[in-house]
Amino acid sequence: MCSNARVHATTKAVPAERLAVERPMLQPISVPYSDEIVRSDPRPAPVPIVGLQHPLSIYDELMLPGAARSTLCSTSASPTFAPSFG
């Protein structure tokens, strides 16, 4: 006996008969994807990512006597911070 001729346990219908009734209402299968993207508003070109890496020669400059303090410390910050444990 064919499985489409048996009564389905959940739907209580014969699948072959149900398909014959539903077939006129089925929609056609869509066309396969063609790898083409169509946009109504084109996106701007991507902005390249620019690295923020500094040259390695900065480490040589930091090792010079007195250069580290003048290079790393800004003028707006307090010159020294010494907590008092009074």
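**Concerning the overall build of the protein**
Phase 1: For the protein, the helix and strand inventory stands at 3 helices and 0 strands.
Phase 2: Ordered by position from N to C terminus, the α and β elements of the protein give α-α-α.
Phase 3: Within the span of the protein, comprising 86 residues, buried residues form 2% of the whole.

**Describing the pattern of salt bridges**
Phase 1: Within the structure shown, the criterion is met by 1 salt bridge.
Phase 2: The closest approach of N and O atoms between Arg18 and Glu22, which form a salt bridge, is 2.9 Å. Of the two residues, Arg18 and Glu22 are both situated in helix α1 (residues 15–22); the distance of 4 residues between them amounts to about one turn of the helix.
Phase 3: Given a relative accessible area of 39%, Arg18 falls into the partly exposed group.
Phase 4: Since its relative accessible area comes to 32%, Glu22 is described here as partly exposed.

**Examining unusual backbone geometry**
Negative phi characterises most residues that are not glycine, and trans characterises most peptide bonds.
Phase 1: Even without glycine at this site, Lys12 takes up a positive phi of about 60°.
Phase 2: By the element assignment, Lys12 lies in the segment before α1.

**As for the confidence of the model for the protein**
Detail in the predicted coordinates should be disregarded across regions flagged by low pLDDT.
Phase 1: With 74% of its residues at a pLDDT of 70 or more, the protein shows a mean pLDDT of 75.
Phase 2: Mean pLDDT in the protein bottoms out at helix α3 (residues 67–72), which sits at 52, and peaks at α1, which reaches 92.
Phase 3: Note on residues 74–79: pLDDT is under 50 here. Beyond four places in sequence and across chains, it has 1 contact.

**Considering the environment of Lys12**
Phase 1: Given a relative accessible area of 63%, Lys12 falls into the exposed group.
Phase 2: Within the local environment of Lys12, its side chain forms a polar contact with the backbone oxygen of Ala9, the two atoms lying 2.6 Å apart.

Analysis parameters
Residues numbered from 1 in each chain as written. Predicted model: local features only at pLDDT ≥ 70, side-chain atom pairs only at ≥ 80, totals over all residues. Heavy atoms only, no water. Helix = DSSP H or I, 4+ residues; strand = E, 2+ residues; numbered from the N terminus. Buried < 20%, exposed > 50% of the residue type's maximum accessible area, 1.4 Å probe, protein only. Salt bridge = Lys/Arg side-chain N within 4 Å of Asp/Glu carboxyl O. pLDDT = per-residue confidence, 0-100. Contact = heavy atoms within 4.5 Å. Polar contact = N/O pair within 3.5 Å; in protein donor to acceptor, adjacent residues only side chain to side chain.

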